[in-house]
Amino acid sequence: MRTPMIAGNWKMYKDVNEAVELVNSIKRAIFNVDNVEIIVVPPFTDLSEAGEMLIETNVKLGAQNCFWETEGAFTGEISAPMLKSVGCKYVVIGHSERRKYFGETNEMLNKKLHVVIKYGLIPIFCVGETLEEREHGKTWEVVETQIIEGMKNILDNDLNIIIAYEPVWAIGTGKTATPEQAQEVHKMIRDLLAKLYSVDFSERIQILYGGSVNPANIESLMKEPDIDGGLIGGASLKSESFVDMVKKTSWLYAKK
Ligand code: PEP
């Protein structure tokens, strides 16, 4: 059985004081949860402080982005080794907001994935279609291309990677994909990974759903066989709702 994962993407919210408060509150509330992988993904400016606070806890640290070079004259960018040095274990790559507002292409994301993996960080690789693409029946074509081009030449069967299926139309809109809609794409992603890598690989990889996940819908999503967790934006910004989602996931898996 794959371990469920709940990851909170804080986007561009929380200064360092607010981050300290949120991390403290989360840490205290879920210190005894041992059957869920819990990740917080704060903005860069909070990582160092959060990293210190999370040492030897059951909450792991992730970053929201990283550049594909390791150092150099790239003003404003942050490298994979830098993220490692402040305690990051995970990096979100290819969030739809980065694709949309910062022009990140599949080719750029492929370079990012290569460097993240090379430095021993675990990518949370985001894929997903826009509303227009879904309405034109192109959901799978888009997601398949994002995976094939994004993961090009990453052929390691031992690879540690997390895929997050995040339909763009569901992110921050309050419009969640139904569990059936999400499961359908998750299953197709798993079948594609079986083809590209191996069945063992595809069975091991955690595939998260993202798009307006909240305490009211988490259980119905998590009951689907190919949904292994959530990448959660808005509902991860308050300790109560984030902790609630972690606990609900924990109870659900404890019963399995
Ligand atoms: C996200 O930031 O990846 C996300 C899914 O946001 P929200 O949960 O707010 O839709």
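Quick caveat: nothing in here was measured; it's all calculated off a predicted structure.

**As for the sheet that holds strand β8 (residues 229–232)**
No. 1: On the basis of which strands lie adjacent, the closed barrel formed by eight strands has the order β1-β2-β3-β4-β5-β6-β7-β8 and parallel pairing. Each neighbouring strand pair of the sheet contributes to a mean axis angle of 25 degrees, computed without reference to strand direction.
No. 2: Bridging between strand β1 (residues 5–9) and strand β2 (residues 37–41) involves five bridges; their strand directions are parallel. By the bridge assignment for β2, I6 is matched with I38.
No. 3: This element, helix α2 (residues 44–53), spans β3 (59–63) and β4 (88–93) of the sheet and lies at about 155 degrees to β3.

**Things to note about the pairing of β1**
No. 1: Among the five residues in β1, five count as buried, and that is most of the element.
No. 2: Neither face of β1 is open: one carries M5, A7 and N9, the other I6 and G8, and all of them are buried.
No. 3: Tracing the backbone out of β1, into helix α1 (residues 16–29) and back to the parallel element β2 gives a crossover that is right-handed.
No. 4: Alignment of β1 against β8, held across four bridges, turns out to be parallel. Across the sheet, the residue bridging to M5 is G229, located in β8.

**With respect to the packing of aromatic side chains**
No. 1: Inspection of the entire model under this criterion finds four aromatic pairs.
No. 2: Their ring planes at 15 degrees and their centres at 4.1 Å tell us that Y197 and F201 sit as a pair that is stacked.
No. 3: On the basis of relative accessibility, which here comes to 13%, the residue Y197 falls in the buried class.
No. 4: By way of ring pairs, the aromatic residues F67, W68 and F74 are connected into one cluster.
No. 5: The positively charged end of R98 is found above the aromatic ring belonging to F102, 4.1 Å away from the centroid.

**Structural notes on the state of the cysteines**
No. 1: Following the criterion strictly, the structure yields zero disulfides and no others.
No. 2: For the unlinked cysteine C88, the closest cysteine sulfur is that of C66, found at 9.4 Å.
No. 3: Given the relative accessible area of 6%, C88 is considered buried.
No. 4: Looking at the unpaired C126, the closest cysteine sulfur is the one in C66, lying at 13 Å.

**Focus: the UniProt feature "active site" (unreviewed entry) in the protein chain**
No. 1: Using the residue numbers shown here, the UniProt feature "active site" (unreviewed entry) corresponds to H95 and E166. What stands out for the annotated residues spanning 72 residues is how close their C-alpha atoms remain, the widest pair being 8.3 Å apart.
No. 2: For H95, the location among the structural elements is in the loop between β4 and α4 (96–102).
No. 3: For H95, a relative accessible area of 5% puts it in the buried group.
No. 4: If we skip the residues at most four places from it in the chain, H95 touches N9, K11, C126, E166 and I171.
No. 5: Examined against the element boundaries, E166 turns out to sit in the loop between β6 (162–165) and α8 (179–196).
No. 6: Residue E166 is classed as buried on the basis of its relative accessible area, which comes to 5%.
No. 7: Those residues in contact with E166 that lie beyond four places of it in its chain are H95, C126, V127, G128, E129, I171, G210, G211 and L231.
No. 8: Among the polar contacts listed, one links the side chain of E166 to the side chain of H95, at a separation of 3.4 Å.

Criteria and cut-off values
- Residues numbered from 1 in each chain as written.
- Predicted model: local features only at pLDDT ≥ 70, side-chain atom pairs only at ≥ 80, totals over all residues.
- Heavy atoms only, no water.
- Pairing = 2+ DSSP bridges.
- Helix = DSSP H or I, 4+ residues; strand = E, 2+ residues; numbered from the N terminus.
- Axes fitted to C-alpha atoms, helices over the stretch in contact; angles between N-to-C directions.
- Contact = heavy atoms within 4.5 Å.
- Buried < 20%, exposed > 50% of the residue type's maximum accessible area, 1.4 Å probe, protein only.
- Right-handed = clockwise from strand over helix to strand, strands pointing away.
- Phe/Tyr/Trp six-rings, centres within 6.5 Å; stacked < 30°, edge-to-face > 60°.
- Lys NZ or Arg CZ within 6 Å of the ring centre and 35° of its normal.
- Disulfide = S-S within 2.5 Å.
- UniProt positions renumbered as here; feature names shortened; annotations may be inferred.
- Polar contact = N/O pair within 3.5 Å; in protein donor to acceptor, adjacent residues only side chain to side chain.

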